Structure formats: structure tokens, C-alpha cells
Amino acid sequence: MSQLASFCVGRPVRVLLACLALVGLVNLLVPQLEQVVAQDSTPIVPKQAPAVQALGKMDREFGNGKSVGIVFVVLERDGGLTAADDRFFKELLPRLRDDTENVSFVQNVTSKPEILAAVTSKDKEAVYVQVGLPGDIGAPSALGQIEAVRDITREERPDGLNVAVTGPAATIADMSTEVEHSILKITFVTVGLIALILMLIYRSVVVTALILGFIGVALAAARGTAALLGGHAFEVSTFTASFLTAVVLGAATDYAIFMVSRFQEQRRLGMPAREAAAVASSRVSSVIIGSALTVVLANACMALADVGIYLTTGPAIAVGIVVTLALSLTWMPAMIGLAGARGWLDPRARPAAATGWQRLADMVVSRPGRVLVAGLLPLVLLAVFYPAMKPSFDERVVQPDDTESNVGYALLEAHFPLNETLPDYILVSADRDLRNARDLAALEQMSAAVARTPGVVSVRGVTRPLGTTITEASLGYQAGEVGSRLTGAGEEVRAGEKGAHRLAEGAGELSTGAGQVASGADQAVAGAGRLLAGVRELQSGVTRLSDGSGEALAGTGQLRAGAARLADGLDSAYDQTTVAVNGLAAAYDALRRSLTCGIDPYCSGARDGIRQIYEGERDRLLPGLRQAADAARRIENGTVDLQTGLAQIDAGLTRAEEGADQLAAGSRTMESKLGELADGAEQVADGSRQVEGGTEEMAQSVTELRSGLEQAAAYLNETGKAAKDPAIGGFYLPPAAMTDSRFALASGLFLSPDGHTARMVVLGDTDAFDRSATERALEVREAAHQGLRGTPLEGSEVATTGIATIMADLEEFNTADFRLIALVALLGVFLILLVLLRSVVAAGFLLASVCLSYAAAMGLGTLVWQIGMDRPMDWSVPTIAFILLVAVGADYNLLLMKRMLEEAPDGSRAGIARAVTATGGVITAAGVIFAASLFAMMSGSVLTLSQIGFTIGVGLLLDTFVVRTLVVPAGAALLGPRLWWPRANTQGAHS
């Protein structure tokens, strides 16, 4: 390093011009850092977070698959929305849809009155609509999309109408905008504080100007390099510029102070200016390199993180420190050599404060035990508060109340139920259509389990679209209805039972009468045969034929009357049977629509039996009775024709001789017809006997059915009463309901088009950003899994999302990132200290001291912000504070320890006192300036920056005035030569 220092001091103008040229190139040829940030798409919450994955799935299943971020456009007018407001709202929706570059989805709230009513407040003073964005939540690219939506809402807005774009994406956007607007203010405050402290320390305008010039060049170079590499080597965000500015300004100031102070120290020893510049640069270079490497390595570890704020700040800071280190090793030696040769940097007379550092150093090494306890006690007491810290994930409270997103939240809170626009969602996915009774019942069981989770106000889904189970779908309601219907059916059957018995008796009489008809028909056939024989004996049988024909005539009259009675009896049987069949139809219909009867095997078996009886009587018995009655009527009609023919025969007997042949032929015809009549009468008799037997069986079956229906009615009525108990939670949605328009509307909101994914909306009783909501989201996720156990949907994919769930996932990722970053950073810093100090004990001792300093700073931050001001610490504070405090704290202790190694390689207390005296002023000045640069972040409008700046700032002050001044020297004095183990002890130059 001495050769580089000599080159820079010997050719200062060339070195300075070369540095300026490089800095100019990276700022003129590369877009500004803010422009690069605007093109970045890195989200704060990792894309692989389960809640983010579920959010994407929900968009694909229920949206258009293009929306990643969500905002809400809220319209409000005190006193009620006017017709002009309604017209503006309806015209706003298509204008938003037309901006396809910035808007991916606009909820269709005007297509159905039910949906419009749902997004309109009860007092009719506010309405909102959901708008999807293609950019990730928290990504810089999403900021422009949200601003485009806000520009559209400002067009043609009626006077007096309040319009705000809010939602999680808008919250992050407003916070990022506030951070960006705070950067310039933070920069001016930082530079002003640094200039003031430099003037107090050096009381020289030239020294102050030289250092300010260097930190200005370093900041410009760091920003240009970050812009050059941003989006390629690493990601950037709006936080990149603010943290980069604070750290580079502080580090550059420290490095400049180290070199200027060492130069002035050499000048006090009488060394020429150029030689002093070269010596100071070569001797301090190793400390500056070690210091820079600890910061670079610690911040580079954040590239291993998943959370966006770490990915976009750590690597950029690391690159900025590398650039600052390069300039400190080139620009600063050249500038010191150039200005020092002219006497502009010569030191003033040693201030009286130097004797103060000497007295303090002597006191520390003379009573190391007491000093160590005195230094550790406040650190430990402050560190005790650290475990009490409860990080906040509410990004609304870290920004001013008048940001548009916060105004929008206030409007929603004033007119809509809590968490109306910020619920949690549960997604259940299966490999089949869920629109069936069993799966819907399983979804209802899961919804009921989630609803019992403490803090859950309501669960909305396809089985409970308004937050409570559909009344008509409850098992209690259904069982009661079925029981009532079965009771009515039983009464109808009981009323028709007597008619069925009368029908059986009538059928018996019908069978007897039909038998008599058949017997009479047989006798008629026999008489016809005898008539034919008598014709052959005309002379001797005319008188008998006349008598027989008269008898036949009288017999046919009786036959006609009997056939008429038969037909009447059959018609009566048909009517009575119809009454019984209708009763069976009502009973079967009631049982067919019952869920519980389908579940109960006894009721199901009875229902199938009734169906068989009903279908048999409907399809066979009733048609048979009708056919029999028609046949009897035809018999009656046929008998009248026969009577007329016999009368004609009786009239023509006088012409017997002339018509004998014709009479014989007519007799043969009569014989044939009477035979057919006998056969038909026998068939009627047989059918009537079948009617008699079947009707008796029917009467007996109906009696048994009545008894069974009464038992089923009693069972279902009892089940209905029991099932109304909420602990049972019965649910049944019949298939007919799937085509109901109300179900179709609900299923569109809670079931995917293919029916494979169901969505439930969970509303809690606390603010969605509150920590209790985050804890409840985890319980809801577990309750959803538990609720599906033992159901057909057990083992189905269950995912949860929503702002509270996303925050829960963010907390898990943040905890994992902190552990990983801390472990790697500690290991890296330890290795750097080990290489520079070549002592395991010294490296471990310094690392332990900065860790204790970090814990104390976090405890103090918790005490001030969370306990004292009731403003919980932001979730990002611990990780960022750890990286910077460990890295920067190790820097100061490294500078002190390196000087101890020079002054007391044997561990002598006198050498330790000299090291403390020599570095006291320098390290104190550096610590105060670095702390001031962090405290300057509190001038911004974002609470996160204020908390980070305060925590790191007080941590640096604790490290400067307690750890480096008391703990480290006292510990070194107690350890003595063991401090450098296993390094070999040698006699120090001043021992």
C-alpha cells in the first residue's frame, strides 16, 4: 500500500483528474439511480411465499391470471352519493379497463344489483371497486401503475366527491414515495451535521471543505456505480438510495478523518507534508481496508436474503463502500498531499482535551475490573429490553396520515365493516368438481371449524355466502321438512286404506259375477247346439225352438245387465286404485328429496320398496283395470246385437221351411259367437280373480307402508330437532339448488368456473395489519386443515392468503433471513478480524463486544419507541441495524485494536493506555459523525427510516463512548498478553 500511497501523493493532479473522469462517466453515461429504481420489479415479499403463491392462484382461478397487485378505488361524499357521482362511477370503470398497460382487471360491480349493493355502504355515502395491477406489491414498477390509476380517477371528478386509491399495493407505493421524497432532505441534513461536527473538531474551513468534497465525490461515484449495476448484478428499490446515501456519507467521512488525523499526527512529529501524507496513507490503509471489508461483507450477506428490502439495499451498499474505499486510497492521499504541501492541513496546537483522554485511559487500565463492570452494566440493562420487542408489519403507520392510501383506509373504515376490503382467503383445490352434496358439506364443515377460531367474525363461502350457513341447507331444516311431508303422505295413505279394502271386496264380487256370466255363456252355447239339432227336425222341434229362442232372448237380456254391472264395478275399482296410487306417489316424492333418507339405509330400503309398488300399480294394475272395464262394455254392446238377432229368428220361424238352410247357417254363426262370448267371459272371470288377489295384497302393503311412513316421519322429525344444534352442524344442498340463480351468483364468487377450487373469505375482529391478525392468520390456516379431516376433501390442497397471511409469511422469511445473514456476517467479520489481528482471542473479543452493543441498541430502541412512544419497531429494523452496527462497530474497535497491537504487542497496560489516548479523539469524531449521518434519517417522513436511523445512531454512540472507550480497553488490560493468543509476543516500541 505504501507504493500506491507514494504514487498518489507524488502525482496528485493526475490522480484527481482520473478519479473525476471516472465519476463523471458513471453519472453522465448511466441513467440516474432513481430512473433505474423505477424500472425494477423486485417485490418486498418473496414470490415464493405461500401466501403470494396462493394470491396468484386465486387470480388465475377467479380473475384473469394477470393481476398481481390489488388496489381499491373509493368514492365518498358526505350526505350521500349524488346522481352525478353514480354517473362518474359507472363511467370510471370502462376508463380504467381501457388502460391495459397499467390495469389488468377491474371488478364488474355494475352487472348485477346484488354486487353493486355489496360494494355500496349502507348509508349510501360511499362505494368502492377493486382494481388489479400487473406489478408486484412493493415493486418500484408498480408505483407508476398506481399513479396512472390515480390520474384516471382525477379526470372529470365531480366537485365535492372524495376519491382515493388505497389497498396494500397503494400503501407500499405511498411509503416508497415518501422515502424517495425524503432522500434530498436527509442528504442536506446529513451534510450539514457533518460540516458542523468537522468544524467543531478541526476548526478549519479547509479541512472541512476537503472532507466534504471527498464525501461528495464518493457519494456521486457510489450512486453512479449502483445505477450501473442495478437491475443487472443486483436489484434496487426506493430504499436503496436512502440507505446508500446515509452509509456512504458516514463511511467516507470516517475514512477521511482517519487519514487526516494520522497526517496531522505525523506532522506534529515534524515529518514533511508529502512524506506525512504518504506515511499516513500507508499506515491507515490496512485499517480502512479492514473496516471497509467488514461493511462490504456484512452487507453483501444480504444478497442471500429472500425479503426484498434486504436484496435491494445490502448489495448496493456493499458496492458503494467498495467505491468509497477505492477513492479513499487514491483521492484522499492525492488531496492530502496537494493541500498539505501548501500548509492548509497543518494541525493546530494539541487541544486540552488530549489530556482528558490520557487521564481516562490511565483510569481504565488502572482499574480494569471496575471499569469493565461499569461499561457492561448499562449495556446489559438495555439489552434486557430487546426480547420484549414485537415487530410491527403495519406499513400504514410508518407514513404520514395524509397519504392517499391512508385517506382511503379512513374512508372505508368510516362506511364499511372492519376488514371489508382486507379479508383473509382460504383456497381449497381438488381434482374434481366440488359442486356436489358431499364436497359442499365438507366445505361447510371446514368453514364451521374456521369460524370457531378465536378472533374470526365470519366466514363467507359457497355454503354460507352471507357469513352464516344457508338455512334451507341445514340438516335440521331439511329433516323437519321431510318429516312434515312424510306425515302428510302417511295421512293420505291412511285415508285411502279403507278404500283399498273396499276395492278388494268389490273385486271379489266382480270375480263371482264374471264366473256366473261365464256359466251362462256356456249354457247359451249348449242351447245353440240343441237349436241346431232341432232345425234338422223342423216339424217336430219348431215349438221347442220358439221356446228356446224365447229363453235365449230372456237370457241375453240378463247377460247384458250382468255385463253392465261388471263394467261399473271395474270403473269403481279403477277410481279407488287411482286414489291409493296417488298417495304412494306423494310418499315416494317426499322420501326421494330427503338427504337423511338417502343416508339412512333403512329409510332408503323402504323408499325403494314404495317405488316398486308405486310403479307396479301405476304401470300394470291401473291399465289392467281400464282394459277390463272396456272389455265389459264391449260385451254389453255385443249382447244387444245378439238379442236383436234372436228376435229376428223368432219372427222368421213361420217361414221355417223356406229359410231352413239360412237358419242353419245363422245358428252356426250364433254357436260360434256364443263360444267366443264364453271364452271372453272366462277371461274376465280370471282377470277379476287376479284383481281381487292383487288388491288384497295392495291393501296389506299399504297398511305396512303407513306404519313405516309414520316411523320414518317420527325419526326424521327427531333428527331435525337434534340437527339444529350448532355442534352438529348438519348441511345439505340438494342437486336442484345447483341451478338456482342465487346459488349461481354465490358460486361465481366462491367457486372457480370449473368447480375445482373453492374460496372462503374470512373476516377478523381486529385490524388486518395488526399483529394479532398475523397470529390469527396462522391459526386459521391450521383450522382449515383440521376442518377437512375425515371428509371427502381430506388431503386436498389448502392455501391461505390475504394481507394478514402475507404478513405472517413475511415474518417467517424475515426471521429466516436474519438468522442466515447474522450467521454469515458474524463469520465473515470474525475471519477479517482474525486475518488483520492474527489473534483468535482479540477477534472473538471484538466480535462479542459489538454484538453486545447491538443488543443494547435494540433494547434502547424498544424502550424508546415501543414502550415509551407506543410505536412498535418496524420489522426491518433488527436486520439492517445488525449489519451496520456489527460492521461499523467492528471498524472502530479494529482501529483501536490495531493501535494497541502497535503500542502494546505484549499486552502491557501502558501501551493500551497510549493506544486509547492516540485514537480517542479520532474514533470519537468518526463515531459521532457516522451517528449523525444516521440520525439525519430521522428528518424524513417515514417512521421506518427514523427508527433505523435512531437505533443505529445510538448503537454507534454506545459503541463509541462505552464499548470502545471502556469495555474494550478494560477487557484488554485484564487479558494482558493473552489478548494476542496465539500470536507470538514481542516487545512493543513504547513498552
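Residues numbered from 1 in each chain as written. Predicted model: local features only at pLDDT ≥ 70, side-chain atom pairs only at ≥ 80, totals over all residues. Heavy atoms only, no water.

**As for the overall build of the chain**
Basically, it comes down to this: Note on conventions: DSSP H or I runs of at least 4 residues are helices, E runs of at least 2 residues are strands, and numbering of each starts at the N terminus. Relative accessible area decides the class of each residue, using a 1.4 Å probe on protein chains only: under 20% of the type maximum gives buried, over 50% gives exposed, and in between gives partly exposed. Whether two residues are in contact is decided by their heavy atoms: any pair within 4.5 Å suffices. Using the Shrake-Rupley algorithm and a 1.4 Å probe, accessible areas are obtained, with residue cover drawn only from the displayed protein chains.
Scanning the chain for helices and strands turns up 29 helices and eight strands. Residue burial in the chain is summarised as follows: out of 991 residues, 55% are buried. The long-range fraction of contacts in the chain, counting pairs at least 24 apart against all pairs at least 6 apart in sequence, stands at 83%. Accessible surface computed for the chain: about 41,700 Å², of which carbon and sulfur atoms make up 57%.

**A look at the packing of helix α17 (residues 437–451) against helix α24 (residues 771–787)**
Heads up, the condition is: Angles run from 0 to 180 degrees between N-to-C directions of axes, and those axes are lines fitted to C-alpha atoms, restricted for helices to the stretch in contact. Crossing handedness: left-handed means the near helix sits turned counterclockwise from the far one by under a right angle, and right-handed means the same turn made clockwise.
At a minimum axis distance of 8 Å, the contact between α17 and α24 shows a crossing angle of 145°. You can see that α17 and α24 cross each other, and the crossing is right-handed. Facing Gln445, Met446, Ala449 and Val450 of α17, the residues of α24 in contact are Val780, Ala783, Ala784 and Gly787.

**Focus on the side chain of Thr757**
Selection criterion: Identification of polar contacts relies on pairs of N or O atoms within 3.5 Å, with a donor-acceptor requirement for protein atoms, meaning one able to donate a hydrogen and the other able to accept it, and with residues adjacent in sequence counted only if both atoms are side-chain atoms.
Position of Thr757 relative to the elements: it lies in strand β7 (residues 757–764). With relative accessibility at 2%, the residue Thr757 sits in the buried group. In terms of polar contacts, Thr757 uses its side chain to reach the side chain of Ser429, at 3.4 Å. If we ignore the near neighbours within four places in the chain, the residues touching Thr757 are Lys57, Glu61, Phe62, Val428, Ser429, Leu434, Phe750, Leu751 and Ser752.

**Details of the pattern of salt bridges**
We count it as follows: When a carboxyl oxygen of Asp or Glu is within 4 Å of a side-chain nitrogen of Lys or Arg, the pair counts as a salt bridge.
In the structure shown here, the tally under the stated rule is 27 salt bridges. Residues Arg432 and Asp431 are paired through a salt bridge, measuring 3.7 Å at the closest nitrogen-oxygen approach. Given a relative accessible area of 30%, Arg432 falls into the partly exposed group. The exposure class assigned to Asp431 is exposed, which follows from its relative accessible area of 68%.

**A word on helix α16 (residues 404–415)**
Stated formally: Given a helix with a known number of residues, its expected span is that number minus one, times 1.5 Å.
With 12 residues, α16 extends 17 Å from end C-alpha to end C-alpha; this agrees with the ideal 16 Å at 1.5 Å per step. Among the residues of α16, Glu404, Ser405, Asn406, Gly408, Tyr409, Leu411, Leu412 and His415 are the ones counted as buried. Looking at the buried side of α16, the elements it contacts are β1 (69–76), β3 (126–133), α7 (140–154), β4 (162–166) and α8 (168–202).

**Thoughts on the sheet that holds β7**
We count it as follows: Pairing between two strands is assigned when DSSP locates at least 2 bridges connecting them.
Strand order in the open sheet made by the four strands is β6-β7-β5-β8, with antiparallel pairing throughout. The sheet terminates laterally at β6 (456–460) and β8 (797–802), the two strands that pair on one side only. Recorded for the sheet is a direction-independent mean angle of 20° between the axes of neighbouring strands. Pairing analysis gives four bridges linking β6 to β7, with the strands arranged antiparallel. Within β7, the residue paired with Val456 across the bridge is Gly764. The strands that helix α25 (residues 803–837) touches are β5 (424–429) and β8; relative to β8, the one it contacts most, it runs at about 100°.

**Regarding the environment of Ala251**
Along the chain, Ala251 falls in helix α10 (residues 238–268). Expressed as a C-alpha distance, the spacing of Ala251 and Ile929, which sit 678 residues apart in the sequence, is 9.3 Å. Setting aside residues no more than four positions away along its own chain, Ala251 makes contact with Ile321 and Phe930.

**Some thoughts on the confidence of the model for the chain**
Predicted coordinates in regions of low pLDDT should not be interpreted in detail. Formally: The predictor attaches a confidence to each residue, and that confidence, scored 0 to 100, is pLDDT.
For the chain, the average pLDDT comes to 80, and 71% of its residues sit at 70 or higher. Counting contacts from residues 548–553, a segment whose pLDDT is below 50, to residues more than four positions away or on other chains yields four contacts.

**Description of empty space enclosed by the protein**
Applied cut-off: Definitions used for this entry: grid spacing 1 Å over protein atoms alone; cavity, a set of points where a 1.4 Å probe fits but cannot get out; pocket, an open set with protein on both sides within 12 Å along at least 5 of 7 lines; lining residue, one with an atom within 4 Å of a point. Grid points are joined across faces, edges and corners, and a volume is the space filled by probe spheres set on the points. Domain start and stop positions are those given by an automatic or database domain assignment.
Summed over the entire model, instances satisfying the criterion amount to six cavities of 30 Å³ or more. Counted as a void, the largest cavity has a volume near 80 Å³. Thr42, Ile44, Gly138, Ser237 and Phe239 are, among the 14 residues lining the largest cavity, the residues nearest its centre. Those elements that place two or more of their residues in the lining of the largest cavity are α7, α10 and α12 (308–311). No fewer than three residues from each of domain 1 (1–30 + 204–347) and domain 2 (50–173) sit in the lining of the largest cavity. Contributing elements (two or more residues each) for the lining of the second largest cavity: β7 and α24. With three residues, the top contributor of residues to the lining of the second largest cavity is β7.

**Examining the side chain of Asp394**
One can find Asp394 in the loop between α15 (368–383) and α16. The exposure class assigned to Asp394 is buried, which follows from its relative accessible area of 9%. Within polar-contact distance, the side chain of Asp394 engages the side chain of Arg396 at 3.0 Å.

**A look at the packing of aromatic side chains**
Our working rule: Only Phe, Tyr and Trp rings are paired, with Trp represented by its six-membered ring, and only when their centres lie within 6.5 Å; those with planes under 30 degrees apart are stacked, over 60 edge-to-face, the remainder tilted.
This structure, assessed with the given rule, holds 10 aromatic pairs. With 6.3 Å between their ring centres and 70° between their planes, Tyr310 and Trp875 make a pair best called edge-to-face. A residue pair is termed long-range when its members are at least 10 positions apart, and Tyr310 in helix α12 and Trp875 in the loop between α26 (840–868) and α27 (877–903) qualify at 565 residues. For Trp875, a relative accessible area of 4% gives the class buried.

**Description of the pairing of β8**
β8 sits mainly inside the fold: five of its six residues count as buried. Bridge count for β5 against β8 is six bridges, and the pairing is antiparallel. Looking at β8, one finds that Ile426 is bridged to Thr800.

**Focus: the nonpolar core**
Proteins that are soluble and globular tend to have nonpolar side chains buried together. We count it as follows: What is meant by a nonpolar core is a set of buried Ala, Val, Leu, Ile, Met, Phe, Trp, Tyr and Cys residues, joined one to another through side-chain atoms within 4.5 Å.
The biggest cluster of nonpolar side chains holds 213 residues, and the ones touching the most others in it are Ile211, Ile426 and Met900. At 18 residues, α27 tops the list of elements feeding residues into this core. Contacts of Met900, omitting those with residues within four sequence positions, involve Pro905, Ile912, Ala915, Val916, Val968, Pro969, Ala972 and Trp980. Of all hydrophobic cores here, the second largest spans 35 residues; its members include Leu75, Phe88, Val163 and Leu412.

**Quick word on the sheet that holds strand β2 (residues 105–106)**
Ordered by their spatial adjacency, four strands build an open sheet running β2-β3-β1-β4, and the pairing between neighbours is antiparallel. Here the strands that pair on one side only, and so sit at the sheet edges, are β2 and β4. The pairing of β1 with β3 spans eight bridges and is antiparallel. Residue pairing across strands places Ile70 opposite Gly132, the latter belonging to β3. Along the sheet face, α7 touches β1, β3 and β4 and points at about 165° away from the line of β4.

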